[in-house]
Amino acid sequence: MANFQRIKGTKIYEVVISQLKAKIVSGELAPGDFLPPEKVLAEIMGVSRASVREALKVLEFMGLIESKPGGGTSIVYLHADLLLEKLNMIELSQSNTLLLDLIELRELLEPKIVEFAITRATDDELTAIVEMLNNGEISLDEAVNAKNDALFHLAIAKASHNVFFYRLMESTMAMLQETRARTLSTPGRKEKISEEHVELAKKIKSRDAAGATKAIKQHLKRIQSIVKRGFVEDGE
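Keep in mind that this is a model prediction, so the values were computed, not measured. All residue numbers here refer to positions counted from 1 along the written sequence of the relevant chain. With pLDDT at 70 or above as the cut-off, local features in this predicted model cover only qualifying residues; side-chain atom pairs require 80 or more to be listed or tallied, and sums for whole chains, interfaces and linings still use all residues. To get the side-chain values, all heavy atoms of the structure are used, and hydrogens and water are removed first.

Draft legend 1. A look at the environment of V16. Only DSSP runs of H or I covering at least 4 residues are called helices, and only runs of E covering at least 2 are called strands; the numbering of each starts at the N terminus. In this structure, V16 sits in helix α1 (residues 12-26). Considered as a pair, V16 and F4 are 12 residues apart in the sequence and their alpha carbons are 9.5 Å apart.

Set out below in structure tokens:
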């Protein structure tokens, strides 16, 4: 059975909800697992059964658990928001292997995002993507460059008019925040990325699906190559 912490303070049921959500997000409580009875949970957490009961009602309303008379309470599924929350909990900064895994995800996802952006975006949205680059992307501050890099890719995802594409890219960019700044500090890399972004933006603006798909794939391959070189240089 999952280990729970004893709870003190006000709005106890909200803390119970938070703790149970954390167990679901971490995978400690998986779909199909049954929660202990209300009385047992209350004793473990040091709260009243009323607080536990209120928390379970909220979690059931959220679609995370299911209660059946005489059948107990079980975990149902991990919905989209919690899946993104779980992704954001993955620590990338110390693992080039995980970085490569994430790049593989981007290689699968972003060409399709680019394709949809070309077919679905308004002319104003495509113009805005190009103007982001015209405003000057390269800065002496690596954090600014990293932010601009993320905003560029998110603008393309937004132009796809698919909310799940956008949310996945938002989560991906958040995970890459620290490592992106480190990558951009590589001599000549930020200038090269700027060139690649300009080329990609031109292809998208002209609605050149084949050219844009090729450009984003090459862009991601170069990023993958940099990470792999770091993997070797670090001796991992």
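Let's pick the thread back up.
Draft legend 2. Molecular detail of the packing of aromatic side chains. Pairing of aromatic rings covers Phe, Tyr and Trp, the last through its six-membered ring, and needs centres within 6.5 Å; plane angles under 30 degrees mean stacked, over 60 mean edge-to-face, and all others mean tilted. Under the counting rule described, the total for this entry stands at 1 aromatic pair. In this scheme, the term charge over a ring applies when either NZ of a lysine or CZ of an arginine sits within 6 Å of the ring centre and within 35 degrees of the ring normal. Above the face of the F116 ring, R120 is positioned so that its terminal group lies 4.0 Å from the ring centre.

Draft legend 3. Summary view of the pattern of salt bridges. By definition here, a salt bridge exists when the distance from a side-chain nitrogen of Lys or Arg to a carboxyl oxygen of Asp or Glu is within 4 Å. Counting across every chain of the model gives 12 salt bridges. Close ionic contact of E110 with R106 constitutes a salt bridge, the shortest N to O distance being 2.4 Å. Taken together, the residues E110 and R106, both in helix α5 (residues 96-120) and 4 residues apart, mark about one turn of the helix. Each of the two residues, E110 as well as R106, counts as buried. In this structure, E196 engages R222 in a salt bridge whose closest nitrogen and oxygen atoms are separated by 3.0 Å. In this pair, E196 sits in helix α10 (residues 189-205) while R222 sits in helix α11 (residues 209-233), placing the two residues 26 residues apart along the sequence. Three exposure classes are used, based on accessible area relative to the maximum for each residue type with a 1.4 Å probe and protein chains only: buried under 20%, partly exposed in between, and exposed over 50%. A residue is classified by how much of its surface remains accessible, and E196, at 8% relative accessible area, is buried.

Draft legend 4. Looking closely at the pairing of strand β2 (residues 72-75). Of the strand pairs in this sheet, strand β1 (residues 65-68) and β2 are connected by 4 bridges, and their pairing is antiparallel. In the sheet register, S67 faces β2, and the bridge partner there is T73. The pairing criterion is simple: DSSP has to find at least two bridges between the two strands. Where β1 folds back on β2, the antiparallel hairpin that results is connected by 3 residues, among which G70 adopts a positive phi of roughly 80 degrees.

Draft legend 5. View of the side chain of T172. One can find T172 in helix α8 (residues 163-175). Of the polar contacts made by the side chain of T172, one reaches the backbone oxygen of L168; its length is 2.9 Å. Contacts are assigned to residue pairs that have any heavy atoms within 4.5 Å of one another. Non-local contacts of T172, meaning those with residues more than four positions away in its chain, are made with L102, L105 and R106. As used in this structure description, the phrase polar contact means that two N or O atoms lie within 3.5 Å; if the pair is within protein, one of them must be able to donate a hydrogen and the other to accept it, and residues adjacent in sequence are counted only when both atoms belong to side chains.

Draft legend 6. Just unusual backbone geometry, in detail. Phi at H161 takes a positive value of approximately 60 degrees, unusual for a residue other than glycine. Relative to the assigned elements, H161 resides in the loop between α7 (142-159) and α8. Even without a glycine there, the phi angle at R207 is positive, about 55 degrees. Looking at where R207 falls in the secondary structure, it is placed in the loop between α10 and α11.

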